Amino acid sequence: MADTPDVAQLITQMHGNIDSIHKCMQSLSDTKSHDDEMDRLEKEREDKIAELRTAHEDAIKQLAELREKEQKEVEEQRRQEEEELMERRRREDEERKARIQMEEEERQRLRQEEDEKKNQELEEQQKTLQETVEEQLEKLEDEMERRVEEGRKMLQELDEKRRAINAQIEAALNKPTVIPTITYRSRARTIGRKSSIEPPVEPAKEANGVAPEPAIEINGIHPPEIAKEVTESPKEAESVEGMAPDQIN
């Protein structure tokens, strides 16, 4: 059987146990270290929170600065892009204007060439027309000169014929006329047969003792009319000679 402890040992153990209890209770009742630790932790928490806030504010500030810097960089980049775009557009506009100018100059050149061609064609047509009309005018003048010359010749021939006819008429008028003896029954013999026969009436005599010649018709024309025609013929000839060539025909 095992050895049981004696009372002295038990008492010693009991006193040790009680001391431990007192120490434990004393340690439990003494909260200063706990409070100090709590204060330390709270202070540490507040400090860390403050540090965190400061860090956060610094971070926000840095972030704002960074964002502002990025914004400026973006704006600068956009400005540069806008300037590049404007420069490109300006170059494009200049190139477009230059192209339009070249196209207009080319169209103007083509129009000028076309106008020159048209003017040249017009000049050639006018020249051809003038030459044609000039030839026609020359032919017309030659024809008129020929007609005038023929008219002059015809007038000369007609004038010679007129003179010959006038000479024949003058010769016919100057030819003496033989008056035949005309017998007729007088009115006295018709009314009364018992009346004596009157002697025939002698033709009247001129002052010089020559009887006037009776009017004789020549080709159905009475001599006074022939004389009138003869006297008027020189005037008609003169009027014919003074007529224009285009009035002859």
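In this numbering scheme, every chain counts its residues from 1 along its sequence in written order. In keeping with the model being predicted, local features are shown solely for residues with a pLDDT of at least 70 and side-chain atom pairs are shown and tallied solely at 80 or more, while totals for entire chains, interfaces and linings include all residues. The basis for the side-chain values is all heavy atoms of the structure; hydrogens and waters are excluded.

1. What to know about the overall build of the chain
Numbering of helices and strands runs from the N terminus, with a helix taken as a DSSP run of H or I at least four residues long and a strand as a DSSP run of E at least two residues long. Check the secondary structure of the chain and you find five helices and zero strands. Listing each helix as α and each strand as β along the chain from the N terminus yields α-α-α-α-α. The rule is simple: take the accessible area with a 1.4 Å probe, protein chains only, and divide by the maximum for that residue type; under 20% is buried, over 50% is exposed, in between is partly exposed. In the chain, which comprises 249 residues, the proportion classed as buried is 4%. Taking as baseline every contact in the chain between residues at least 6 positions apart, the subset at least 24 positions apart corresponds to 65%. In short, Shrake-Rupley with a 1.4 Å probe defines the accessible areas, and a residue's cover is counted only from the protein chains shown. Total accessible area on the chain is roughly 23100 Å²; 52% of this is exposed by carbon and sulfur atoms. We call two residues contacting when some pair of their heavy atoms lies within 4.5 Å.

2. Considerations on a negative patch on the surface
The patches described consist of residues with a relative accessible area above 30% and no salt bridge, like charges being joined within 9 Å and nonpolar side chains (Val, Leu, Ile, Met, Phe, Trp, Tyr) within 5 Å. Throughout this description, the term salt bridge denotes a Lys or Arg side-chain nitrogen within 4 Å of a carboxyl oxygen of Asp or Glu. Charged residues are defined narrowly, with Lys and Arg counted positive, Asp and Glu counted negative, and His plus the chain ends left uncounted. Lysine's charge is taken at NZ, arginine's at CZ, aspartate's at CG and glutamate's at CD. On the surface, E131, E134, E135, E138, E141, D142 and E145 cluster together into a patch of negative charge. Tracing the chain through its elements places E131 in helix α2 (residues 32-174).

3. Details of the pattern of salt bridges
Applying the stated rule across the entire model yields 18 salt bridges. A salt bridge links D47 to K43, with the nearest nitrogen and oxygen atoms 3.1 Å apart. Of the two residues, D47 and K43 both sit in helix α2, four residues apart, roughly one turn of that helix. Notably, a salt bridge pairs E113 with R109, separated by 2.5 Å at the nearest N-O pair. Separated by four residues within a single helix, E113 and R109 lie in helix α2, roughly one turn from each other. For R109, a relative accessible area of 36% gives the class partly exposed.

4. Considerations on α2
To estimate how far a helix should reach, multiply one less than its number of residues by 1.5 Å. The end-to-end C-alpha separation of α2 is 200 Å, in line with the 213 Å expected for 143 residues at 1.5 Å each. Those residues of α2 that sit buried are V148, G151, L155, D159, N166 and I169.

5. Considerations on a nonpolar patch on the surface
Taken together, the side chains of V7, I11, M14 and I18 define a hydrophobic patch exposed on the protein surface, amounting to about 340 Å² of accessible area. Counting through the fold element by element, I18 comes out in helix α1 (residues 7-29). Judged by its relative accessible area of 33%, I18 falls in the partly exposed class.

6. Looking at the confidence of the model for the chain
Residue-level confidence of the predictor is what pLDDT reports, using numbers from 0 through 100. Here the chain shows a mean pLDDT of 76. Residues at 70 or above account for 70%. Mean pLDDT across the elements of the chain bottoms out in helix α4 (residues 223-241) (44) and peaks in α2 (89). Ignoring residues within four places in sequence, the model shows residues 194-249, a span with pLDDT below 50, making 45 contacts including any to other chains.

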